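# Commentary on secondary and tertiary structure
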Amino acid sequence: MADNHDEERDPSADRARQVRPLPMLTFAGAGPEGLESAMDVPMELRHNVLVTSVDKVVNWARKSSLWPVAFGLACCAIEMMAVGTSRFDLSRFGAEVFRPSPRQADLMIVAGTVTTKMAPAVRRIYDQMADPKYVIAMGACTIAGGPFQGSYSTVPGIDNFLPVDVHVPGCPPRPDALLWGILKLQEKIDTQSLADQRQQSRTA
Ligand code: SF4
């Protein structure tokens, strides 16, 4: 007996199977926030296909999933902790997963007074983080020594031993100021290029 199964198959179901996209690129409407198509795609593919550059996708993934290393040095750290609470809700920006190990973190928020005795430990934690990694200097103490500037025990700014990406001024800065700093860092990550990073690592 002839098998007429193929003849009865609904052609629209076949089409739906053929155009099924990668899960990451599946979206309805304009796409995930911050990741938009760089080219016009045909109308019938617009809900399933996104055309963009590798740099855009990588930067979007990096900036949307910053993992800060969990440590604090003084009073500014209390404000840093507050950004994780429901009132400020750091998770809106994908950076709420504070990691206890530098191996799992890519963002260091230095919050509090850095003493000369503590500076080597802070640098060691930074060195143990995987590349690419970013640093936010939070508060007057980390930026320039704060009220302890000129004392025998305080580092006059963490720029002396760390590459800082964003400075968040204040004594202490409010939690929303730190949110501003994280948004600034996201803007900076958005301008990065994989080709430039490869070039830099070759010449380093
Ligand atoms: S900047 Fe002000 S609030 Fe922050 S650690 Fe220094 S003294 Fe404390």
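These notes cover the structure that comes with them. Owing to the predicted nature of the structure, the values given are computational and were not obtained by experimental measurement.

## Description of the pairing of strand β2 (residues 134-138)
The element β2 is extensively covered by neighbouring structure, given that five of its five residues are classed as buried. Relative to β2, strand β1 (residues 107-111) runs parallel, the two being bridged by five bridges. The residue of β2 that forms the bridge with Met-108 is Val-135. With respect to chirality, the unit in which β1 leads through helix α5 (residues 119-128) into the neighbouring parallel β2 is right-handed. Summarising the sheet, β2 and strand β3 (residues 166-168) pair through three bridges and their orientation is parallel. By the bridge assignment, Ile-136 is partnered in β3 with Val-166.

## Digging into the site of the ligand
As a structural note, the neighbourhood of the ligand is formed by Ala-74, Cys-75, Cys-76, Gly-112, Thr-113, Ala-140, Cys-141, Pro-147, Gly-170, Cys-171 and Pro-172. Per-class residue counts for the shell around the ligand are eight nonpolar, three polar and no charged.

## Observations regarding the sheet that holds β2
Across the sheet, three strands lie side by side as β1-β2-β3; this open sheet has parallel pairing. Each having just a single partner strand, β1 and β3 make up the two edges of the open sheet. Averaged over all neighbouring strand pairs, the angle between strand axes comes to 20°, with direction disregarded. Contacting β1, β2 and β3, helix α7 (residues 175-190) crosses the sheet at an angle of about 165° to β3.

## Description of the pairing of β1
For β1, a buried count of five out of five residues is recorded, marking the element as mostly surrounded by other parts of the structure. Neither face of β1 is exposed, since Leu-107, Ile-109 and Ala-111 on one face and Met-108 and Val-110 on the opposite face are all buried.

## Topic: α5
Residues three or four positions apart in an α-helix share a direction because the helix packs 3.6 residues into each turn. Among the residues of α5, Ala-119, Val-122 and Tyr-126 are the ones counted as buried. Projected down its long axis, α5 carries its buried residues within an arc of 65°, all on one side. Exposed side chains of α5 directed beyond 90 degrees from the buried face belong to Pro-120 and Arg-124. Looking at the buried residues of α5, the elements they touch are β1 and β2.

## Regarding the packing of helix α3 (residues 54-63) against α7
Running from N to C, α3 and α7 cross one another at 160°; their axes reach a closest spacing of 9 Å. Judged on the interaxial angle alone, α7 and α3 are roughly antiparallel. Considering only the axes of α3 and α7, their crossing is right-handed. Together, Lys-56, Asn-59, Arg-62 and Lys-63 of α3 and Gln-186, Ile-189 and Asp-190 of α7 make up the contact between the two elements. Classifying every residue of the contact of α3 with α7 by side-chain character gives one nonpolar, two polar and four charged.

## Observations concerning the packing of aromatic side chains
Scanning all chains against the criterion turns up zero aromatic pairs. The residue whose ring lies beneath Lys-133 is Tyr-126, and the NZ or CZ to ring-centre distance is 4.4 Å.

## Here's the deal with the pattern of salt bridges
Charged atoms that come close allow side chains of opposite charge to pair. Overall, the coordinates contain five salt bridges when judged by the stated rule. A salt bridge links Asp-127 to Arg-123; its shortest N-O distance comes to 3.0 Å. Of this pair, Asp-127 and Arg-123 both sit in helix α5, four residues apart, which is roughly one turn of that helix. The shortest N-O distance in the salt bridge between Arg-174 and Asp-176 comes to 3.0 Å.

Procedures and definitions
- Residues numbered from 1 in each chain as written.
- Predicted model: local features only at pLDDT ≥ 70, side-chain atom pairs only at ≥ 80, totals over all residues.
- Heavy atoms only, no water.
- Buried < 20%, exposed > 50% of the residue type's maximum accessible area, 1.4 Å probe, protein only.
- Helix = DSSP H or I, 4+ residues; strand = E, 2+ residues; numbered from the N terminus.
- Pairing = 2+ DSSP bridges.
- Right-handed = clockwise from strand over helix to strand, strands pointing away.
- Near = heavy atom within 4 Å.
- Nonpolar A, V, L, I, M, F, W, Y, C, P; charged D, E, K, R; others polar.
- Axes fitted to C-alpha atoms, helices over the stretch in contact; angles between N-to-C directions.
- Contact = heavy atoms within 4.5 Å.
- Arc of directions from axis to C-beta.
- Parallel < 35°, antiparallel > 145°, perpendicular 65-115°, else oblique.
- Left-handed = near helix turned anticlockwise from the far one by under 90°.
- Phe/Tyr/Trp six-rings, centres within 6.5 Å; stacked < 30°, edge-to-face > 60°.
- Lys NZ or Arg CZ within 6 Å of the ring centre and 35° of its normal.
- Salt bridge = Lys/Arg side-chain N within 4 Å of Asp/Glu carboxyl O.

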